[in-house]
Amino acid sequence: MKFLTLFILTLFCGSLWAQTEIPTVKLTVLSLDSRILDLKYESAGEVKSLYAFKNQRSQPFMYRGEQPIVFFRELSQTDAAGNPLRQQVAQCQLPGNSRQYMLIMSKRESEAEAYRCFAIDDNWGTFSAGTYRFLNLAPFTIALKLDDKVYEIKKQNFTDVSGNFEDGTHQQAMMVSLPEGEDPLPVFEGLIRYAENQRMLYIISPKPGGRVGRVNFTAIPQRVPKVPSSTPSSAQ
């Protein structure tokens, strides 16, 4: 009986540990405004640095820790243990249960350094090669017409578009902003290129000043990662 009780307790503790274990996720980051250098975060108990560049994917990095992810600057002042005090400048909550995300950062309108941070699933299994992803960071819906099909890109959300397109061709696209209480505003009309070996992220963000509904577009292409070829063994 004692052996059985010990066995059950061991299984229970193992199950509880598995449920509370914090998974490791792969992240990339880009900035919509200007580069952000040497921004600190803590992963697996170690302080590490992040570098975000304007409209460009960073190198992937791994994160293991609590959420939301906290980004900070280390101050010259120290605590009682001699560790630098921290000034938080951003935080980010990861959505869903993916193992790969893109973090999109932008400057907050304030005198002190502070950033917004928006995370989206960036897994190749769900955001695959040959897909257009339209991410709408504006506070209103964007209507998209791609060839003969119409899509709605909800505010603070994204829409993925894929189809039986021919590699290397261009698709006719038109976008219209739909701000609530305002007239629709055409914001884009032109061709977008399709490539079967890359995925394309289009970030739509509100343009400050002027008429409500104006937006900026940022195109972020990414090719399918190359798989390292195995080195043939030497002849014996």
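Description of the structure in this document. What you see is a predicted model; the values in this text were computed from it and never measured.

Within the protein one finds one helix and 16 strands. Taking all 236 residues of the protein together, the buried fraction comes to 36%. Contacts in the protein between residues far apart in sequence, at least 24 positions, make up 54% of those at least 6 positions apart. Put simply, the protein shows about 14,700 Å² of open surface, and 52% of that area lies on carbon and sulfur atoms.

Attention shifts here to the side chain of Asp122. Here Asp122 lies in the loop between β8 (115-121) and β9 (132-136). Within polar-contact distance, the side chain of Asp122 engages the side chain of Arg57 at 2.8 Å.

It is worth spelling out the sheet that holds strand β10 (residues 141-146) at this point. Strands sit in the order β11-β10-β13-β14 across an open sheet of four strands; the sheet is antiparallel. Whereas interior strands pair on both sides, the edge strands pair on one side only; in this sheet they are β11 (149-153) and β14 (185-193). Within this sheet the neighbouring strands show an average axis-to-axis angle of 20 degrees, counted without direction. Looking at chain direction, strand β13 (residues 170-178) and β14 are connected through eight bridges and run antiparallel. Within β14, the position partnered with Met175 by the bridge is Phe188.

Let us now look at the nonpolar core. Proteins that are soluble and globular tend to have nonpolar side chains buried together. Among the nonpolar cores identified, the biggest contains 22 residues, and Leu27, Leu50, Phe71, Leu94, Leu103 and Met105 are the most heavily contacted of them. Only β1 (25-31), β2 (36-43), β3 (46-52), β4 (61-63), β5 (69-78), β6 (84-92), β7 (100-107) and β8 provide two or more residues apiece to this core. Leave out the neighbours within four places in its chain, and Leu50 touches Val29, Ile36, Leu37, Asp38, Leu39, Tyr41, Phe61 and Phe71. Of all hydrophobic cores here, the second largest spans 18 residues; its members include Phe134, Ala138, Ile142 and Val215.

Summed over the entire model, instances satisfying the criterion amount to eight salt bridges. Here Glu113 makes a salt bridge to Arg73, at a shortest N to O gap of 2.9 Å. Remark: Arg73 occurs in strand β5 and Glu113 occurs in the loop between β7 and β8; sequence separation between them is 40 residues. Salt bridges linked by common partners bring Arg57, Asp122 and Arg199 together as one network.

Per the counting criterion, the structure on display carries zero disulfides. The thiol of Cys92 is not disulfide-bonded; the next cysteine sulfur, from Cys117, is found 3.3 Å away. Judged by its relative accessible area of 17%, Cys117 is buried.

With that settled, consider the sheet that holds β1. Sheet strands line up and pair through hydrogen bonds in the backbone, either parallel or antiparallel. Pairing within the open sheet is mixed, and its four strands lie in the order β4-β1-β7-β8. Unpaired on one side and paired on the other, β4 and β8 mark the two borders of the sheet. Across the sheet, the mean angle from the axis of one strand to that of its neighbour is 35 degrees, orientation sign disregarded. Relative to β4, β1 is paired through three bridges, and the arrangement is antiparallel. In the strand pairing of β4, Val25 is matched with Tyr63.

Thresholds, definitions, all that
- Residues numbered from 1 in each chain as written.
- Predicted model: local features only at pLDDT ≥ 70, side-chain atom pairs only at ≥ 80, totals over all residues.
- Heavy atoms only, no water.
- Helix = DSSP H or I, 4+ residues; strand = E, 2+ residues; numbered from the N terminus.
- Buried < 20%, exposed > 50% of the residue type's maximum accessible area, 1.4 Å probe, protein only.
- Contact = heavy atoms within 4.5 Å.
- Areas by Shrake-Rupley, 256 points an atom, 1.4 Å probe, with all protein chains shown as cover.
- Polar contact = N/O pair within 3.5 Å; in protein donor to acceptor, adjacent residues only side chain to side chain.
- Pairing = 2+ DSSP bridges.
- Axes fitted to C-alpha atoms, helices over the stretch in contact; angles between N-to-C directions.
- Core = buried A, V, L, I, M, F, W, Y, C linked by side-chain atoms within 4.5 Å.
- Salt bridge = Lys/Arg side-chain N within 4 Å of Asp/Glu carboxyl O.
- Disulfide = S-S within 2.5 Å.

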